[in-house]
Amino acid sequence: MKKKKLLLFDLDGTLVRTGGAGVRAISKAFKIHYDLDEPLEGVTVAGNTDPRIYREVLGYRKSGLSPSRKEEVIFFESYFEFLKEEIEKSPGYRVLPGILQILTLASTSCNFVVGLGTGNLEKGARIKLGRGGLNPYFSFGGFASDSPDRVELLKKGISRAKALSQTKIESENIFIIGDTPRDIEVAKILGTQAIAVATGGYDMDKLKPCLADYLVETLEDIDAFFEFVEMD
């Protein structure tokens, strides 16, 4: 019997490009709640998590401010509303090459378990995936709603995968798929395999030194992708 393989996909820059919808939405929320213009200036967004972005912006731009948990929840509810609007009207929104084919094949195979591993809060992730029709492929995941720490949220995603599939999934059969050096770093910390794709903010030259197990420009070559993940 073949061992189960777990594919955990990052979202932004890996599954979809939103055409800047997320940045516009969170910038509007910062303007309304904290009167901040260009709030993300000086803050690394790629590979980060929503709660950490929020706290880093306030630490950088509003030094000494310690918002309560309630204030954070209210902030993100505003963000979600803006995100719905921005995603719906974004002319740059697109599902990235090869993604639909990979998800369709993997989700219909008994050999694979497919989930999310994203720094988005779950509600925001679902909004971003909705326009592209991708939510049905992801019944579970690890989200920033679970932890602001990327390692911990991916651990949660792995734990959910094992519970749902009711089987032990070995580390060598877990593939973390993302578009940033942080995705590769986390995969190495967890002892899993790292698949890096240069469809986000990092090109091949920037990703090569991170030593992913599999590195490609795009995921368009479906046969090559499955040849790699199905190797035993």
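Anything mentioned here points back to the structure above.
Being a predicted model, the structure only gives us computed values, none of them experimental.

Quick notes on the rules
In this convention, every chain numbers its residues from 1, walking through the sequence in written order. Under the rules for a predicted model, residues below a pLDDT of 70 receive no local features and side-chain atom pairs below 80 are neither given nor counted, while totals for whole chains, interfaces and linings still include all residues. Hydrogens are left out, water is left out, and the side-chain values use all remaining heavy atoms of the structure. Under the scheme applied here, a residue whose accessible area is under 20% of the maximum for its type counts as buried, over 50% as exposed, and between as partly exposed, the area being computed with a 1.4 Å probe on protein chains only. A helix here means a DSSP run of H or I that spans at least four residues, while a strand means a run of E at least two residues long, and both kinds are numbered starting from the N terminus. DSSP-based pairing: two strands are paired if at least 2 bridges between them are found. If you view a crossover with the strands going away from you and the path from the first strand over the helix to the second runs clockwise, you call it right-handed. In these notes, a set of buried Ala, Val, Leu, Ile, Met, Phe, Trp, Tyr and Cys residues joined through side-chain atoms within 4.5 Å is what counts as a nonpolar core. Note on definitions: a residue-residue contact is assigned when non-hydrogen atoms from the two residues lie within 4.5 Å. Any residue with an atom within 4 Å of a point lines the site, the site being either a cavity, points on a 1 Å grid over the protein atoms alone where a 1.4 Å probe fits but cannot get out, or a pocket, an open set with protein on both sides within 12 Å along at least 5 of 7 lines. Grid points are joined across faces, edges and corners, and a volume is the space filled by probe spheres set on the points. Classification convention: Asp, Glu, Lys, Arg as charged; Ala, Val, Leu, Ile, Met, Phe, Trp, Tyr, Cys, Pro as nonpolar; all other residues, Gly among them, as polar. Each axis is a line fitted through C-alpha atoms, taken for helices only over the stretch in contact, and angles between the N-to-C directions span 0 to 180 degrees. Put simply, angles under 35 degrees are roughly parallel, angles over 145 are roughly antiparallel, angles from 65 to 115 are roughly perpendicular, and the rest are oblique. By definition, turning the near helix anticlockwise from the far helix through less than a right angle yields a left-handed crossing, and turning it clockwise yields a right-handed one.

J.: Would you mind going over the pairing of strand S7 (residues 193-197) with me for this structure?
T.: Regular strands place side chains that alternate from one sheet face to the opposite one. Counting buried residues in S7 gives four out of five residues, a clear majority hidden from the surface. With four bridges joining them, strand S6 (residues 174-178) and S7 adopt parallel strand pairing. If you follow Ile-176 over to S7, its bridge partner there is Ala-194. Considered for its hand, the β-α-β crossover made up of S6, helix H7 (residues 181-190) and S7 is right-handed. Taken together, the three bridges between S7 and strand S8 (residues 214-216) define a ladder with parallel strand orientation.

J.: Got a minute to help me understand the nonpolar core in this structure?
T.: Within soluble globular proteins, side chains that are nonpolar generally end up buried alongside one another. Counting residues in each nonpolar core, the largest one holds 54 residues, and the members touching the most others are Leu-7, Phe-9, Leu-15, Phe-30, Phe-138, Phe-225 and Val-229. Beyond its immediate chain neighbours, meaning those up to four positions away, Phe-225 contacts Leu-7, Ile-102, Ile-177, Ile-195, Tyr-214 and Leu-219.

J.: Please explain the layout of surface pockets as it appears in this structure.
T.: One water molecule sets the probe size; rolling that probe over the atoms shows where empty space is left. Taken as a whole, the largest pocket holds about 600 Å³ of empty space. Looking at the largest pocket, it is lined by 29 residues, and the ones nearest its centre are Asp-12, Val-23, Val-45, Ala-46 and Lys-128. The set of elements that each furnish at least two residues to the lining of the largest pocket consists of strand S2 (16-17), helix H1 (21-34) and helix H2 (50-61). With three residues, H1 is the largest single contributor of residues to the lining of the largest pocket. Counted by class, the lining of the largest pocket contains eight nonpolar, 13 polar and eight charged residues. There is about 220 Å³ of room inside the second largest pocket.

J.: Looking at this model, I keep getting lost on the pairing of S6. Mind explaining?
T.: Burial analysis of S6 places five of its five residues in the buried class, which makes it a mostly covered element. Side-chain alternation along S6 places Ile-174, Ile-176 and Gly-178 on one buried face and Phe-175 and Ile-177 on a second face that is also buried. Summarising the sheet, strand S1 (residues 5-9) and S6 pair through four bridges and their orientation is parallel. Bridge pairing in S6 places Leu-7 opposite Phe-175.

J.: Hey, could you run me through the packing of H1 against helix H3 (residues 69-89) in this one?
T.: Each packed pair of helices is defined by two parameters, the angle between the axes and the distance between the axes. It is at 8 Å that the axes of H1 and H3 come closest, and there the two elements cross at 140 degrees. With respect to their mutual orientation, H1 and H3 come out oblique. Helix-helix and strand crossings are classified by hand; for H1 and H3 the assignment is right-handed. Every residue of H3 that contacts H1 at Ala-21, Gly-22, Arg-24, Ala-25, Ile-26, Lys-28, Ala-29, Phe-30, Ile-32, His-33 and Tyr-34 is listed here: Glu-71, Ile-74, Phe-75, Ser-78, Tyr-79, Phe-82, Leu-83, Glu-86, Ile-87 and Lys-89. Counted by class, the contact of H1 with H3 contains 13 nonpolar, three polar and five charged residues.

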